[in-house]
Amino acid sequence: MSADLQVEEPPRRLNGFTRTAGARETHVWDRAFGPWDLYFGVVWTATVAFVLGADFPPLSYRLPAAALLTLLIPWYVWAGRPLLVKDPGSEPALSLRYLGVLLALFLPAAFLVGETRLITFALAPHCFMLLPLRRAVGAMAVVSLLPVAGWALLWRPEGHVVFVNAVGSFVTFAFSSFFGAWIIRIIEQSQERASLIAELDASREEVARLSAAQGAHAERERMSREIHDTLAQGFTSLLMLVQAVQSELDTDPAQAHRHLELMAATARQNLAEARALVAGGAPADLDAGSLPDAVRRLAARRHPPAAVSVSGEVRPLAAALEVVALRSCQEALSNAAKHAGPGARCAVSLAYGGGELTVTVRDTGRGFDPSAPASGYGLRGLRARAAEVGGTAAVDSTAGAGNGAAGAGAATGTTVTVTLPIR
């Protein structure tokens, strides 16, 4: 089985309990069965050699015992090995039949020649691999203890000989039962750990998938904000300038010419922003100087230009912080251009404090109700940008508060305040 399919592989059975594939590699018991064949062959060969070389009983008894042991080989190859290679515990009837014939061949030979009991070390693994633990221990009792009883009844040896053989068979039974149960419990624990590792790997894959999906979603959100705050606003400015030029061509050619120059500058700025967006770099305005310079250039492109004031100690800040501050100005000025009404004036202020930067954009437009549900992306994006760097964004507005150019000194229509922490 391959490492990439281990999570999906169905449970299997070994020694009467369910097993699953390891999370990163196959289990030891799932590997080639050759070592078991070699082990069985070595123990069988040694047993036959001891049987044929024994001093007692006569050869006429030892040869039939060796013949019975020889029959174990084809029976193992034909019936036993297929059960052990595939899921043995899933076919209990065939397993019982195999072990029954195995005992039918082994016990008579063990009754005839005591040395036959050596092959018990090869039969014990078969019992534990084909039967549940309790039945395997019972089978081992038959394999270990019954041959001594039959051998003693057949040959009537002296008492101390029977005692020594009985003790030896009991030790064999206890040893095989203890280690068989111990190994099975180790395998069960390994199976449980393998299942946990498989679940952990599956969880990691799920986390990686969700992280990738979250990353893609966050990147889409970032790109949406960048396009909204740069290209979309630039195109909006171009459309407004086109409308102004169309109305001024016949009445005020000089003003129309100035607006055409502003359109060209806006188009170049949009192109620079698009290139910066594709390259993943800082906004084009920030590449050309400090944050106050970038805000002044941004304000100058508005019609009419916005007033800019800077207070506090001007100093370089983290790139991410300056990007958020500039984008916040862009968004607030764009909203003012679209919603404040004709003739509304704007003012931008940057206040450098000891632990925070405050960006304020005021306009003298018609205002709106901040408690009304937001229909656009701008204010939501502005708040999301500020939150990304640990800042806040607040909007204060009163519908109908401002009255355009004439109301420049009156109550402010809308005030956008973005506070960003300086670390």
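Our subject in this report is the structure included herewith. Please read these numbers as outputs of a predicted model, since none were measured by experiment. (Residues numbered from 1 in each chain as written. Predicted model: local features only at pLDDT ≥ 70, side-chain atom pairs only at ≥ 80, totals over all residues. Heavy atoms only, no water.)

1. Brief notes about the pairing of strand β4 (residues 346-352)
Taken residue by residue, a regular strand's side chains alternate between the two faces of the sheet. Put simply, the test is: When a residue's accessible area, from a 1.4 Å probe over protein chains only, is under 20% of the maximum for its type it is buried; when over 50% it is exposed; and in between it is partly exposed. The way it works is that DSSP assigns letters per residue, a run of H or I at least four long becomes a helix, a run of E at least two long becomes a strand, and they are numbered from the N terminus. Only when DSSP finds a minimum of two bridges between them are two strands counted as paired. The crossover handedness rule: strands pointing away from the viewer, path from first strand over the helix to second strand clockwise, crossover right-handed.
Counted residue by residue, β4 has 5 buried out of 7 residues, so it is predominantly covered. As defined by bridge partners, strand β3 (residues 307-312) adjoins β4 across 6 bridges and the pair is classed as parallel. Looking at β4, one finds that V310 is bridged to L350. In this fold, the crossover linking β3 to β4 by way of helix α10 (residues 319-339) has left-handed handedness. What sits between the antiparallel neighbours β4 and strand β5 (residues 356-363) is a turn of 3 residues.

2. Here's the deal with the packing of aromatic side chains
This is how it is decided: Centres within 6.5 Å are what make two rings of Phe, Tyr or Trp a pair, Trp counting through its six-membered ring; a difference in plane orientation under 30 degrees is then read as stacked, over 60 as edge-to-face, and the rest as tilted.
Enumeration over the complete set of coordinates arrives at 10 aromatic pairs. Both rings, one in W36 and one in Y39, keep their centres 6.3 Å apart while their planes meet at 85°; by these two values the pair is edge-to-face. Separated by 3 residues within a single helix, W36 and Y39 lie in helix α1 (residues 34-52), roughly one turn from each other. Residue classification places W36 among the partly exposed residues on the basis of a relative accessible area of 36%. Relative to Y76, the ring of F40 has its centre 4.5 Å away and its plane inclined at 20°; by these criteria the two rings are stacked. With F40 in helix α1 and Y76 in helix α2 (residues 59-85), this pair connects stretches of sequence that are 36 residues apart. Accessibility assignment for this pair places F40 and Y76 in one class, buried.

3. Things to note about the packing of helix α9 (residues 291-300) against α10
Stated formally: Lines fitted to C-alpha atoms define the axes, with helix axes restricted to the stretch in contact, and inter-axis angles between N-to-C directions lie between 0 and 180 degrees. Relative orientations are named as follows: roughly parallel for angles under 35 degrees, roughly antiparallel for angles over 145 degrees, roughly perpendicular for angles from 65 to 115 degrees, and oblique for any other angle. A clockwise turn of the near helix away from the far one marks a right-handed crossing, whereas an anticlockwise turn of less than a right angle marks a left-handed crossing. A contact between two residues is defined here by any heavy atoms of the two lying within 4.5 Å. Amino acids are sorted into nonpolar (Ala, Val, Leu, Ile, Met, Phe, Trp, Tyr, Cys and Pro), charged (Asp, Glu, Lys and Arg) and polar (every other residue, Gly among them).
Between α9 and α10, whose axes approach to 10 Å, the crossing angle comes to 15°. Taken together, α9 and α10 sit at an angle that is classed as roughly parallel. Of the two possible hands of crossing, α9 and α10 adopt the one that is right-handed. Residue-level inspection shows L291, A294, V295, L298 and A299 of α9 in contact with α10, the latter providing E322, A325, L326, C329, Q330 and L333. Along the lines of polarity and charge, the residues of the contact of α9 with α10 split into 9 nonpolar, 1 polar and 1 charged.

4. With respect to the pairing of strand β6 (residues 392-397)
Only one face of β6 is buried, namely the one carrying A393, V395 and S397, since none of T392, A394 and D396 on the opposite face is buried. Where β6 lies against strand β7 (residues 414-421), 6 bridges are found, and the strand directions are antiparallel. Of the residues in β7, the one forming a bridge with A393 is V418.

5. Quick look at empty space enclosed by the protein
The condition is simple: Using only the protein atoms, space was sampled on a 1 Å grid; points where a 1.4 Å probe fits but cannot get out form cavities, open sets with protein on both sides within 12 Å along at least five of seven lines form pockets, and lining residues are those with an atom within 4 Å of a point. Grid points are joined across faces, edges and corners, and a volume is the space filled by probe spheres set on the points.
Evaluation of the coordinates by the stated rule reveals 1 cavity of 30 Å³ or more. Quantified by volume, the largest cavity comes out at close to 50 Å³. The wall of the largest cavity is formed by F33, W36, Y39, F40, Y76, L84, A122, P125, H126 and M129. The set of elements that each furnish at least two residues to the lining of the largest cavity consists of α1, α2 and α4 (120-130). At 4 residues, α4 tops the list of elements feeding residues into the lining of the largest cavity. Across the lining of the largest cavity, the residue classes break down as 9 nonpolar, 1 polar and no charged.

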